[in-house]
Protein chains: 2
Amino acid sequence: MKPASNDEAKFRSIHAMFNPASIAIVGATEKPGYGGRFLPNLVNTGSSARLYPVNPNRDQIFGVRSYPSVVDLPEAVDLACIVVSSEQVLPAFRQCIERGVKSALIISAGFAELATDQGRARQAELRQLARDSGIRVCGPNCLGLANVAGKSWTTPSTRIGPDMLAFNPTIGLVSQSGATAYRPLLCTAEDKRIGFRYMVATGNEADLESSDFIQYMLRDPEISAVAAVVEGFKDGEKFVETADMAREAGKPLVLLKIGRTEAGARGASSHTASMTGSDDVQDALFRQKGVIRVDDYDELLETAAMFRMKIRPRGKRMGVISESGGMGSFMADKCAEEGLDVPVLSDGVRGQLLEIMGDRGSAANPADLTGFGTGPDFPRVLDILLSDGEQDLVLMSSVGGAMQADTIIEASKQARKPILFTWTGSTQDARDLDALRRLQASDVPLFYLPAKAAKAARRLIAYHRTRELSIAEAGATRPAARRDLETVRAALAEAETGLDEYQSKQVLAAYGITGVAEQFCKNREDAAKAAEAIGYPVVLKIVSADISHKTEAGGVRLGIKDAEGLEQAYDAIMASAKSYAPKAIIPGVLVQRMRSGGIELIVGTSQDPQFGPVIMLGLGGILAEALKAATWRLCPVNRREAEEMIDEVRALPALLAGFRGSQKFDRKALAEALVAVSELASDARDAIESLDINPLAVFGEGQGTTALDALVVCRPRQTLHEKRKAD
Amino acid sequence: MKPASNDEAKFRSIHAMFNPASIAIVGATEKPGYGGRFLPNLVNTGSSARLYPVNPNRDQIFGVRSYPSVVDLPEAVDLACIVVSSEQVLPAFRQCIERGVKSALIISAGFAELATDQGRARQAELRQLARDSGIRVCGPNCLGLANVAGKSWTTPSTRIGPDMLAFNPTIGLVSQSGATAYRPLLCTAEDKRIGFRYMVATGNEADLESSDFIQYMLRDPEISAVAAVVEGFKDGEKFVETADMAREAGKPLVLLKIGRTEAGARGASSHTASMTGSDDVQDALFRQKGVIRVDDYDELLETAAMFRMKIRPRGKRMGVISESGGMGSFMADKCAEEGLDVPVLSDGVRGQLLEIMGDRGSAANPADLTGFGTGPDFPRVLDILLSDGEQDLVLMSSVGGAMQADTIIEASKQARKPILFTWTGSTQDARDLDALRRLQASDVPLFYLPAKAAKAARRLIAYHRTRELSIAEAGATRPAARRDLETVRAALAEAETGLDEYQSKQVLAAYGITGVAEQFCKNREDAAKAAEAIGYPVVLKIVSADISHKTEAGGVRLGIKDAEGLEQAYDAIMASAKSYAPKAIIPGVLVQRMRSGGIELIVGTSQDPQFGPVIMLGLGGILAEALKAATWRLCPVNRREAEEMIDEVRALPALLAGFRGSQKFDRKALAEALVAVSELASDARDAIESLDINPLAVFGEGQGTTALDALVVCRPRQTLHEKRKAD
C-alpha cells in the first residue's frame, strides 16, 4: 500500500482535473475533430474556468485568445488537455511540467495500443515523466472527463450530457473505453434519466488508472455508487484495495468487465493494451469482495442507480405485485430463476386483501391487483401487501398514472423493505411520461424488463449479505490453525524449482494440513520395515523433485498387500521411473497407509498475474474434470468464505451431505483445510508459486481430511508479477 | 389430426373474428370500463364494420342505435363481442347461436380461472355449446383481438395500437395473458416500431386455443413470424402439429413460456387455469421442433421481427464490427458466451482494410472502424468486411447518421449473409432519431443491447439449422431397426401393472435393444447350471413384478465367482426379498453375465401429460444424479436427434470420446439404442406408461450397449391424458 501522503497528492491532481479553475487546450483548432470540439464543449456547457487554447498558428480560437505554447500561458493551469499528434505529445507534456500545470489529460492516440515497440516506449516515457514530476495524467488514447455538477466537460466527445444535472446525479462512471462511456452509456443514462456525477474515460492508463479515479469518486459524499467498464486491471492489488474501500463505504462498485472471452480479449488487447486475466478467477474474486459484476450496458446503469435507495433487504423472499396474472407469473418465474424465493402470501395479509378485492384479481403471491393497482384503494392495498412479514423485498410491475407512481414513491420512503419497480408501459408515449418521469426522479429502483429487475434484486441481496458479513468479520481473529511459517521458509529455501511429495507434505503439515501416515525410505529394506510398522495394505511412491508426474512415470503402486508385494513393487517403480527420467535424482520412496472411502477433491493455489495468490477447490476424478466443477477465491479465505466455496462447487454440497443415504462427510474439516491452505499460500506468497493437493480426501464426519498427494512449486526469483509492477 | 373440413370451418370462424363486416357488442355501455371502451375503440381506429351495440336499457350508445338483444339484430353478425356479467354470458351466447352469428369473443371473466366448481362448470358448458353449434369462441376472460391491416380493434383495452399500420406489420401475436399483450408488448412494439399484423388475447381458451390462432396466422402470406405468450397448452399434441406447420412454412414460432417455475405456475394456475408441464421436457421439445423460446418481452418482439430478413446463416462464425475497441470486444464476448465463433479476420480482407484504414482503428475481428464507420469510406469498408468468406453472419454495433443507416440497409439487401445491428445511440434524442427510424423501417434485424443481439444470432443459427435438417430428413426413412410390435403387445397384454426385469428385457429385445447374456431360472439348481453355461463371474437377481426396487429389497448380488457363492447368494436374496415383501410372488431368479467397464447411463421414457411419450438420457451414478445431467426429446427421435441428445448431456460427449486418454466408447451404438427405445415408446404409446433402462452400459467402440437392468410399467386403462382430452 502506498503512503497516505502520496495518495493525497494523487487525489489533489484528480481533483484539479474534475474541478479546474483554469484549462489549457493544447492543440485547439476550429477544424472538426477532437481539437475543434474541446473548446465549444466547455463553453456550451457553461464552464466557469479560465480557458486557454494553445496553438502556435492562431491568435484566436472561436474568439478566445490562443497561446503559442504552454510555457507562454499567463498562469499554471489546473488542467492541460493535450490533443496533438502522437509525436508531439511528449514535448507538449514536458512543457506542461516546465510551466507547473497541476494535471494533464492526454486525448492523443499512438501509444501502447499500437502494440509496436515505439508505441510502448512512448507510453513508458510518459508514465515516467508523470511519476517523476508528480503531474498526474489521465490517458493517453482516451476521451476525457466530466464533472456534471461542476459543469466541466473536458472532452472532445461529439455527445455530452449536461442535462444530467437535472437527473439526481449520484453515480460515478469510470470507463477504459471512451466510446462505451460517451455513446451507449451516456445515451442510455439520458434516455432513462440516470445521472452521472462524474464521467472519465481512462484510455491506456499510462499513469492514473481506473482504481485511482474510483477511489477519488468514493470520497465524494454525493456519490452513491461507481459504475466501471474495465478491459484489464493495471494493478490487481490496487483494484482489490479499491473494492475493499467501496465495500466499507457502502458505495457499491458495479463492474462491466470486457474481454472475458478469448475473442473479446483479442479485441481488448488491440485496444488498450490491457492484460485480461482468467475470467473464472476474476468472477470469484468480484463475488468475494462485494464487487457487482453485470452483463450488459443497461444493467450497469440500472444496478448502479438502484443504490440511491439505502434500505437493505433482510433475506431473499420476494413479494411480487402486478395487475395481471400473466405478468405476475412471469415476474415470479424470473425471481425463481435467479434463485430467489416467492413464498405463499401470509394468511393474515391474504384475509385483509380479500376484504377489499373480493374475487377479483388474486390475493396471493404473486398478487394480481387488476384495477386495484390504479384505483383509489391502491395505497391501502399496497400498505397491506408491504405488511407481510414473510417478504424481504417487493417487486412490482405496472404502468399506472401519477397517483400510482406517487403512492409507490411515498411507500418506498416509509417501507422497511426495498420496493423495486418494473415499468411495463411506453418510454416514449406522452400518456405514460408523467408517471415515468416521477419514478425516474425518485429513489425507487427502476427497471424496464422483468428479467433485469429480478437479476438486480438478486445482486442487491448478495451485495448486502457480503457487505454485512465482511463488517461482522472485520474484528474477528483468524482461526487458530497451526501456522509455522519458519518451517515452510526453511523447506523452500533449500529447494530450487519445487518440493517432492514428502517435502510438500511437510510444508502442508506446518499449517496443520495432514497427510496419511507415511514414511520416507531410502532403500527397499527400510521400505519393508516401514510398511510393517504402518500396516498393510500400503501405497508405494517414488520421491523425486525431478519427477512431478509420478503416475505417468510408473512411480506409484496402490494396494500393496504384503512384504512380497512390496519388494516387487519397489523394484518395479524404481525401474520404471529411471527409464522415464534417466537423469532424475531419486532419493527414495514413500510408504503410505492405504486409505479409501473418502470423497476426493482437488485443492490448489496459484499466483494470479494480476491479483496474487488464489485458491481453487474442485471435484476430483475424470467426470469432475470433464464437468469443470470448481471455484476460486483470493487468499486468504476465512471460514465463512471456505463454506461458500464448498457451496459453489457443483454437486459437492450434495455429496458431502450424504447423497442418497450414504454417510455424511466431514465438511467442517474440509472448510478448515481450505482456510489453512489459503493462509499458507498467502503467508508464503513471495516463495510459493503454486501448490496442489490432488487428491485431498474428505472422510466421514469427524474423520477429517487427508492430503493423499501434494506438490509445491517454488516461485522464481523475478516473477511475472514483479515485472509488471516495474513496467 | 382433425379432418381438414373441420379445420376449414374453424379457420372461417377465426377469419370472421379478424375481418368482421358486422359486429355486435353485447353489453355495450357509455360507462367507463370494458363495456364502454369497445365501441369507441372501433370507431376511433376507423373500423368499416357495421356496428350494433346490444343493451336492453338504452336506445343509443355513443350515438349508435342499440338493440335490446342479439336476436333482435337486423343481421347475423360476423362477430359477437360479449361483455356482460359472468352469469349472463351463457344466455347471451345461446342467443348468438339462435341468431346464427359467425363467431364470438367473450371478454367476461368468472369461469375456470376462479378455480371454483361453478366457474369450471360454466366454462365446460360454454365449450360444449361452441363445439355443438360450430360458433367458435375466443375467451372467456380475455382482452380481445385486433387485425391491424383490417383496422379492426375488437378489444376493450385502454391501450391500442392503430399506428402499427405504418410499422411494416408482419408479426402475429397470440397471448393467453391479455395484460401482457396490450401493455408491455404493445408498448415495447410501438416504442421500437415493430408492427403486429394480428393481436389476440385468448384468455381461458374454453374453445379456440393458442394453436388455432397461430395456425390461422401462419396461413397469411404477409406474416413472417408468430410471437406467442403461453402459460399452458390445452392440447399438447396440437401445439406440436402447429410447431411442425410453422417450421415447414419457414415462419418461426417465437415463444415466451410463462409459469416455468413453481412460483410462476402458482400465479398461472390462479389465472388462466392452465396446466403447466415439466419445464425441462418442454424446453427440449421446443428445441426439437424449431420453436424459439425466449426469456423476456423485448426478446419476444426483437426475435420475431428478425425474421422479416429472409437470408439464412450458413454457420456460426461471427464477424463483429464497431467503431470502438471496447464495444467490439464486448460484442465478441457476448458472441462467445452464446457459443458462437469469432474467427480471426482473413488475411486478404485484412490487407484491403489496412490499405484504407492504416494504423487507425483495428483491421481485425472484432473490427474497430473508428471514424471510418461514419465517413465516406464506410460503404467500401463494409463491402470489404462482408467479403470475408470465413464469416457466416455479421453483427455491427454503432450509432451513425442517415448515411450509415442507409449503407447498412442497402448492404443487407445485397449481402449473402445476415447483418444484425445493435443500436448504441439514444432512442429519444432528436439527433439520433432519423437514422434509428430508417433502420427500424428496414428489414435489418435491430437490437439495443449487445447481449440480446448475440442471443438472437445464436437463435437464428439454431432455428435455420433445425429447419434445414428437418427438411432434409423429411423424405428419409427410419433406420431399419428391429420393430416387433406384436411381441411387445403380447407381453403387455398379459401384464397388469408392469413387467419384471426379464419380461421388460424381452420387450426391449423386440426392438433390438440387447441385454447381457442371461437366463431366467425357477430354482437354485437351474441357476447353478445357468451360471456354469454363462460362465462366472455372474450376477444374480430376483425376478418379481411385485418388487420394482430389487436392490432395496436385497434382491441383487454382483460378482458371484463360483458355484458355492451362487448357492449362498440364491438363499440370501430369496430370504431377503421375502422379508422385504412377504406377499410378493417371486417366480424365480435371473442369472446374468457380469459385465463391467462401460459408461453407465440412464435411458427412460415417460408419458408427458401434455405431449405424450418423451425419452430421457442422463448420466448414471451418484454424482450424475446430483448434477442433474440429462436431456429429453419427444418420441420418436431419429439418429440425428439422438446424436444431439448425447451432445446435450453435460460431460457425456467428453466421456464417450475417451476423456484423458481412456478408450473411446461406442457412441454410434448409444445413438441407435436411443432411436430404438424412442420408437418402442412411440409405437406402444397406448400400452407403455414408462420404461427405464438403468443402467444402460455403453462399452468400447464396436462393443455396443447393454441394458443391465430394465423396467416397463403399463399404462392404466383410462389415463390422465385421455381424461384431459375428454374434458
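Going by the structure above, here's the rest.
A brief structural summary. From a predicted model like this one, the values you see are computed outputs, not experimental measurements.

1. Looking at the overall build of chain A
Argument step 1. The secondary structure content of chain A amounts to 25 helices and 29 strands.
Argument step 2. Expressed along its principal axes, the backbone C-alpha trace of chain A runs to roughly 100 × 80 × 40 Å.
Argument step 3. Across the 727 residues that make up chain A, the buried fraction comes to 60%.
Argument step 4. Residue pairs at least 24 apart in sequence account for 74% of intrachain contacts in chain A once pairs closer than 6 positions are excluded.
Argument step 5. Taken as a whole, chain A presents about 27600 Å² of accessible surface, with 49% of it coming from carbon and sulfur.

2. What about the sheet that holds strand 11 (residues 196-201) of chain A?
All names here are of chain A.
Argument step 1. Across the sheet, 7 strands lie side by side as 9-8-11-10-12-13-14; this open sheet has mixed pairing. The sheet is open, and its two borders are formed by strand 9 (152-154) and strand 14 (292-293), each paired with just one other strand.
Argument step 2. Sheet analysis places strand 8 (residues 144-147) next to strand 11, joined by 4 bridges and oriented antiparallel. Following the sheet pairing, Asn147 is matched in strand 11 by Tyr198.
Argument step 3. Contacts between helix 10 (residues 297-306) and the sheet are confined to strand 10 (171-175), strand 11, strand 12 (225-230), strand 13 (253-257) and strand 14, with strand 13 contributing the most and set at about 175° to the helix.

3. A look at the sheet that holds strand 17 (residues 393-398) of chain A
All names here are of chain A.
Argument step 1. Pairing is parallel across the open sheet formed by 5 strands, whose spatial order is 16-15-17-18-19. A strand with exactly one partner marks an edge of an open sheet, and here the two such strands are strand 16 (367-368) and strand 19 (446-447).
Argument step 2. Sheet analysis places strand 15 (residues 318-322) next to strand 16, joined by 2 bridges and oriented parallel. Looking across to strand 16, one finds that Ser322 is bridged to Asp368.
Argument step 3. The sheet strands contacting helix 11 (residues 325-337) are strand 15, strand 16, strand 17 and strand 18 (419-423), and the helix crosses strand 15 at an angle near 155°.

4. What to know about the packing of helix 13 (residues 378-386) of chain A against helix 14 (residues 402-414) of chain A
Residue and element names in this part refer to chain A.
Argument step 1. The geometry of helix 13 relative to helix 14 is characterised by a closest axis approach of 10 Å and an angle of 35° between their N-to-C directions. The handedness of the crossing between helix 13 and helix 14 comes out as right-handed. Contacts between helix 13 and helix 14 involve Phe378, Pro379, Leu382 and Leu386 from the first element and Met403, Gln404, Thr407, Ile408 and Ala411 from the second.

5. Section: the side chain of Ser324(B)
Argument step 1. For Ser324(B), the location among the structural elements is in the loop between strand 15 (318-322) and helix 11 (325-337).
Argument step 2. Every residue in contact with Ser324(B), bar those within four places of it in the chain, is listed here: Ser177(A), Ala179(A), Thr180(A) and Asp368(B).

6. Details of the packing of helix 5 (residues 178-191) of chain B against helix 10 (residues 297-306) of chain B
Residues and elements named next belong to chain B.
Argument step 1. Two elements in contact, helix 5 and helix 10, have axes separated by 10 Å at closest approach and are oriented at 60°. By the criterion of interaxial angle, the relationship of helix 5 to helix 10 is oblique. Between helix 5 and helix 10 the crossing geometry is right-handed. Touching Thr180, Pro184, Leu185, Thr188 and Ala189 of helix 5 are Tyr297, Leu300 and Leu301, all from helix 10.

7. Looking at the side chain of Thr631(B)
Residue and element names in this part refer to chain B.
Argument step 1. Within the fold, Thr631 resides in strand 26 (residues 630-634).
Argument step 2. Looking at Thr631, its side chain comes within polar contact range of the side chain of Glu648, at 2.6 Å.
Argument step 3. Beyond its immediate sequence surroundings of up to four residues, Thr631 is in contact with Arg287, Ile615, Met616, Leu617, Met645, Glu648 and Val649.

8. Examining helix 9 (residues 279-289) of chain A
All names here are of chain A.
Argument step 1. Counted residue by residue, helix 9 has 8 buried out of 11 residues, so it is predominantly covered.
Argument step 2. The complete set of buried residues in helix 9 reads Asp279, Val281, Gln282, Ala284, Leu285, Phe286, Gln288 and Lys289.
Argument step 3. A positive backbone phi angle near 75° is found at Gly290, which sits one or two residues after helix 9.

9. Digging into the pattern of salt bridges
Residue and element names in this part refer to chain A.
Argument step 1. All told, the structure shown has 109 salt bridges over all chains when counted by the stated rule.
Argument step 2. For the salt bridge of Glu501 with Lys541, the shortest nitrogen-to-oxygen distance reads 2.9 Å. With a gap of 40 residues between them, Glu501 in helix 18 (residues 501-509) and Lys541 in strand 21 (residues 538-543) connect regions that are remote in the sequence. Summarising the burial analysis for this pair, Glu501 and Lys541 share the class buried.
Argument step 3. Connected via shared salt-bridge partners are Arg287, Glu473, Arg633, Arg640, Glu644 and Glu648.

Scoring rules and cut-offs
Residues numbered from 1 in each chain as written. Chains lettered and ligands numbered in written order. Predicted model: local features only at pLDDT ≥ 70, side-chain atom pairs only at ≥ 80, totals over all residues. Heavy atoms only, no water. Helix = DSSP H or I, 4+ residues; strand = E, 2+ residues; numbered from the N terminus. Buried < 20%, exposed > 50% of the residue type's maximum accessible area, 1.4 Å probe, protein only. Contact = heavy atoms within 4.5 Å. Areas by Shrake-Rupley, 256 points an atom, 1.4 Å probe, with all protein chains shown as cover. Pairing = 2+ DSSP bridges. Axes fitted to C-alpha atoms, helices over the stretch in contact; angles between N-to-C directions. Left-handed = near helix turned anticlockwise from the far one by under 90°. Parallel < 35°, antiparallel > 145°, perpendicular 65-115°, else oblique. Polar contact = N/O pair within 3.5 Å; in protein donor to acceptor, adjacent residues only side chain to side chain. Salt bridge = Lys/Arg side-chain N within 4 Å of Asp/Glu carboxyl O.

Geometry only, nothing functional implied.
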